[in-house]
Amino acid sequence: MNEAITLLRQEMKKAGVDVYLVPTDDFHQSEYVGEYFRAIRFLSGFTGEGSLVVTMDEAKLFTDGRYFIQAAGELAGSGVELMKMGEPGVPTLDDYIKSVVPEGGFLGFDGRCVDFRHGMELRDLLSEKAVAIVSDKDLVGRIWKDRPALAESRVFILEDRFCGVNAKDKLTKLRAVMAKEGADIHLISSLDDIAWLLNLRGDDIPCNPVFLSYLLVDMEGAYLFANKNDFDEEIKAYLKALHIQLCDYDKVYETVQQLRNKTVLLETGKTNYQLIMALDESMMVVDEMLPTSIWKSQKNETEIANMKKAHIKDGVAVTKYFYFMKHAFGPDGTLTKEARETLGTDRLTEVSGADLLERYRRENDGFIELSFNTISAYGPNAALPHYAPVRGKQDAEILPKGLYLVDSGAQYFEGTTDITRTMAMGPITEEERKHFTMVAQACLRLGDVRILDGSCGVSFDYAAREIFWKEGLNFNHGTGHGVGFCLNVHERPNGVRYRIVPERQDSAPFKPGNITSDEPGLYIEGSHGIRTENLTLCKEALKNEYGTFYDFEFLTLCPIDLDAIDPTIMAPHDIELLNRYHATVYEKLSPYFEGEKLEWLKHVTRAI
């Protein structure tokens with residue numbers, strides 16, 4: 001029996017709630033959240049993203065294809081049933097809620113963790129059943145006795161030499177938009193938008209250099225609601241010079257309630273339900289995508305130059321790791337003495353490998369932290385797209401055979417990186433070789449597209465998927481996501497996928513300065529998983545009577561494992577693309593290697 005679910009049902013009964021919704025989100029609709037917000041993990045053991053619905057009789061976890069295999073394992077024995085979103089016969093989250101909440105009943109959720117747009121959709125959907133919404137009760141908090149505290153961290157200024165535009169100028173531009181929209185106030189609760197706008201960074205969410213906060217901007221100044229302990233005197237003076245008043249984090253609701261007869265610009269899908277419900281009826285709301293979300297996705301010249309520096313640093317670190325993995329085993333199939341000394345252990349495992357890669361990254365100047373938890377996955381584990389090893393619990397030994405996948409990234413003052421490489425650790429099967437080659441071709445083909453202004457990711461996703469679809473294969477995740485600048489590794493509004501998924505908010509037309517991942521993969525459950533990922537920069541290619549065309553430049557610099565490539569199934573243009581990419585990798589990285597490692601780099605980037 002699941003004790004946590006049982007206790008939650010007891011609280012539901014006390015509160016008169018028939019159905020309780022527990023989302024992954026924090027108070028800011030963040031993709032990644034701090035420990036305080038890991039309510040689904042507390043209730044079910046599931047560590048990925050999704051939504052948990054609990055009734056008096058059942059508990060169901062809704063998640064997408066990225067987590068199907070992982071969720072099935074983590075939910076085993078929890079009493080929580082997996083609902084595979086998008087699969088035939090599986091209702092949507094909202095339709096399921098409507099089907100189980102009784103006529104005249106009550107749906108409950110913590111309104112701080114549900115965005116207003118979704119909350120209103122639920123309210124409208126359930127109105128025909130006269131269902132009332134209870135949004136002011138954190139029932140999970142009542143039973144989570146050892147719940148971690150809200151995060152605290154040190155906020156710091158990201159200097160103009162990294163950002164390219166100072167915060168004063170960004171605020172001036174924002175106020176111009178407010179004036180155009182007739183807005184007296186702009187409310188922002190999206191953490192990466194606040195961090196970007198103010199050129200501040202923090203560490204309240206692991207791997208995301210942001211800090212818990214809300215921002216109210218008016219035409220004269222602004223109010224920043226955050227943990228005051230996170231701000232030293234230098235930062236307070238910086239805010240004062242920008243006419244920003246630092247306020248207690250939890251005072252935002254009280255402040256919003258006092259507003260009268262104003263027009264507020266906000267985005268309902270990125271603002272929590274409870275915060276907007278606190279607005280007085282005299283307030284007018286202009287609901288649009290946050291202007292900062294569009295601006296920060298189009299990197300300026302300074303940001304682009306810095307991102308290229310970050311990717312050289314990161315490319316050196318990952319290529320060092322590539323070299324280590326290729327030389328870790330001796331002719332007898334055991335770890336070499338040098339490998340054991342480098343690892344500090346006698347076993348090469350998913351965790352010890354990830355630790356070494358992080359160590360190589362930490363040697364770089366300007367390193368802040370990882371940009372997400374490293375996916376270090378050997379053999380069948382790589383078939384789980386979001387698999388992550390766990391020290392002492394889930395940590396497979398890597399052997400001198402088969403395929404090893406590592407998806408990793410870092411935060412530097414110069415930018416954010418995200419790279420995936422799959423390596424042949426020794427002999428591989430013909431099927432693995434074919435699949436590896438197909439994935440590499442897909443990545444290279446997508447990076448080679450040229451698009452017309454106005455194109456979004458669904459316009460050209462087929463460039464990557466065609467090779468799989470022709471053989472009746474597919475990968476169950478997006479092909480690319482936007483990447484922030486020393487910010488969240490997943491950034492809207494641009495992305496690449498074969499169909500529009502409204503909740504992902506990543507279907508905006510591409511513009512120069514967009515930095516986007518290119519990461520096709522192939523996953524064979526119980527056998528192997530392969531992904532090759534480079535980050536791309538969208539650039540103007542040409543302009544003529546047909547319009548403006550854009551193409552893409554690879555920012556990521558690291559060899560693609562030629563040991564796993566089958567050139568006999570590649571088209572001549574695919575080989576040309578691979579050779580061209582490797583020539584760039586060698587040109588950019590070779591100055592950082594010497595001796596035996598330089599010769600190795602030359603060999604693994606050779607033309608085929």
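Here we summarise the structure given alongside this text. Note that this is a predicted model, so its numbers are computed, not measured. (Residues numbered from 1 in each chain as written. Predicted model: local features only at pLDDT ≥ 70, side-chain atom pairs only at ≥ 80, totals over all residues. Heavy atoms only, no water.)

## What about the overall build of the chain?
Check the secondary structure of the chain and you find 20 helices and 28 strands. Rg of the C-alpha trace for the chain: 25 Å, near the compact-globule value of 25 Å for 608 residues, within the 12% margin. Along the first, second and third principal axes, the C-alpha set of the chain runs to 70 × 55 × 50 Å. For the chain, the proportion of its 608 residues judged to be buried stands at 59%. Intrachain contacts of the chain at a sequence separation of at least 6 include 68% that bridge at least 24 residues. Across the chain, the 68 positively charged side chains and the 95 negatively charged ones have centroids separated by 1 Å. (Helix = DSSP H or I, 4+ residues; strand = E, 2+ residues; numbered from the N terminus. Rg over C-alpha atoms; globule rule 2.2 N^0.38 Å. Buried < 20%, exposed > 50% of the residue type's maximum accessible area, 1.4 Å probe, protein only. Contact = heavy atoms within 4.5 Å. Lys, Arg positive; Asp, Glu negative; His and termini not counted. Charge placed at Lys NZ, Arg CZ, Asp CG, Glu CD.)

## A few points about the environment of Gly119
Structurally, Gly119 can be placed in helix α5 (residues 116-126). Its relative accessible area of 0% is what places Gly119 among the buried residues. Sequence-distant contacts of Gly119, that is, excluding residues within four places in its chain, are made with Phe109, Val114, Ile133 and Tyr273.

## Section: the sheet that holds strand β14 (residues 284-287)
Across the sheet, which stays open at both edges, the six strands sit in the order β12-β11-β10-β8-β13-β14 with mixed pairing between neighbours. Edge positions in the open sheet fall to β12 (244-248) and β14, since each of these has one partner strand only. The mean inter-strand angle of the sheet, taken between neighbouring strand axes irrespective of direction, is 20°. Bridge count between strand β11 (residues 222-226) and β12: five bridges; the pairing is parallel. If you follow Ala222 over to β12, its bridge partner there is Ile244. The strands touched by helix α9 (residues 191-198) within the sheet are β8 (185-188), β10 (213-217), β11 and β12, with β10 carrying the most contacts at an inclination of about 60°. (Pairing = 2+ DSSP bridges. Axes fitted to C-alpha atoms, helices over the stretch in contact; angles between N-to-C directions.)

## Examining the packing of helix α17 (residues 430-447) against helix α19 (residues 572-589)
One way to put it is that α17 packs onto α19 with a least axis distance of 10 Å and a crossing angle of 80°. The angle between α17 and α19 falls in the class roughly perpendicular. Residues Gln441, Leu444 and Arg445 of α17 form the contact with α19, whose own contacting residues are Asp574, Leu577, Leu578 and Tyr581. Counted by class, the contact of α17 with α19 contains four nonpolar, one polar and two charged residues. (Parallel < 35°, antiparallel > 145°, perpendicular 65-115°, else oblique. Nonpolar A, V, L, I, M, F, W, Y, C, P; charged D, E, K, R; others polar.)

## Focus: the side chain of Ser297
Here Ser297 lies in helix α13 (residues 291-297). Only 2.8 Å separates the side chain of Ser297 from the backbone oxygen of Ile294, close enough to count as a polar contact. Contacts of Ser297, omitting those with residues within four sequence positions, involve Glu491, Arg492, Pro493, Asn494, Gly513, Asn514 and Ile515. (Polar contact = N/O pair within 3.5 Å; in protein donor to acceptor, adjacent residues only side chain to side chain.)

## As for the environment of Gly65
Mapped onto the elements of the fold, Gly65 is located in the loop between β3 (59-63) and α3 (68-74). Here the alpha-carbon distance between Gly65 and Phe475, two residues 410 residues apart in the chain, equals 9.0 Å.

## Some details on a nonpolar patch on the surface
A cluster of nonpolar side chains, contributed by Tyr462, Trp469 and Tyr498, occupies part of the molecular surface with about 310 Å² of accessible area. Within the secondary structure layout, Tyr498 lies in the loop between β23 (491-496) and β24 (515-518). Taking relative accessible area as the criterion, Tyr498 reaches 35% and is therefore assigned partly exposed. (Patch = residues over 30% accessible without salt bridge, like charges linked within 9 Å, V, L, I, M, F, W, Y side chains within 5 Å. Areas by Shrake-Rupley, 256 points an atom, 1.4 Å probe, with all protein chains shown as cover. Salt bridge = Lys/Arg side-chain N within 4 Å of Asp/Glu carboxyl O.)

## Quick word on helix α4 (residues 93-100)
Residues of α4 that are buried include every one of Leu93, Asp94, Tyr96 and Ile97, and no others. The buried residues of α4 all sit within an arc of 160° when viewed along its axis, so they share a single face. On the buried face of α4, the contacting elements are β1 (19-23), β2 (51-54), β3, β5 (106-108) and α5. (Arc of directions from axis to C-beta.)

## A short note on the state of the cysteines
A full pass over the atoms with the stated rule returns zero disulfides. Cys443 takes part in no disulfide bond, and the closest cysteine sulfur, belonging to Cys558, lies 12 Å away. Residue Cys443 is classed as buried on the basis of its relative accessible area, which comes to 0%. Among the cysteines around Cys486, which has no disulfide bond, Cys163 carries the closest sulfur, lying 7.9 Å off. Judged by relative accessible area, Cys486 falls into the buried class, the value being 0%. (Disulfide = S-S within 2.5 Å.)

## Details of the packing of aromatic side chains
Each aromatic ring pair is summarised here by two numbers: the centre-to-centre distance and the angle between the ring planes. Inspection of the entire model under this criterion finds 24 aromatic pairs. Here Tyr321 and Tyr404 contribute two aromatic rings whose centre-to-centre distance is 6.4 Å and whose plane-to-plane angle is 65°, an arrangement assigned as edge-to-face. Highlighted residues: Tyr321 in helix α14 (residues 301-326) and Tyr404 in strand β17 (residues 403-408), separated in sequence by 83 residues. For the residue pair Tyr321 and Tyr404, the accessibility class agrees, reading buried in each case. (Phe/Tyr/Trp six-rings, centres within 6.5 Å; stacked < 30°, edge-to-face > 60°.)

## Quick notes on the pattern of salt bridges
Inspection of every chain in the model, using the stated rule, returns 41 salt bridges. In this structure, the salt-bridge partner of Glu254 is Lys251, at a minimum N-O distance of 3.8 Å. Its relative accessible area of 40% is what places Glu254 among the partly exposed residues. Judged by its relative accessible area of 36%, Lys251 falls in the partly exposed class. Within the structure, one salt-bridge network assembled from shared partners comprises Asp110, Arg112, Asp138 and Arg147.

## Here we look at the nonpolar core
Counting 76 residues, the largest nonpolar core has Leu198, Phe211, Leu215, Leu224 and Phe231 as its most contacted members. Sequence-distant contacts of Leu224, defined by excluding residues within four places in its chain, comprise Ile194, Leu198, Phe211, Ser213, Tyr214, Leu215, Phe231, Leu239, Ile244, Gln245, Leu246 and Cys247. Core analysis: the next-biggest nonpolar cluster, separate from the first, contains 69 residues, Val318, Met438, Tyr581 and Leu601 among them. (Core = buried A, V, L, I, M, F, W, Y, C linked by side-chain atoms within 4.5 Å.)

## Comments concerning the pairing of strand β27 (residues 534-544)
Relative to β27, β24 is paired through four bridges, and the arrangement is antiparallel. Counterpart to Ile515 in the pairing with β27 is Leu537. Of the pairings in the sheet, the one linking β27 to strand β28 (residues 547-554) comprises eight bridges and is antiparallel in character. In the sheet register, Cys538 faces β28, and the bridge partner there is Phe552. The turn linking β27 back onto β28 is made up of two residues.

The quantities given are spatial measurements derived from coordinates; they are silent on function.
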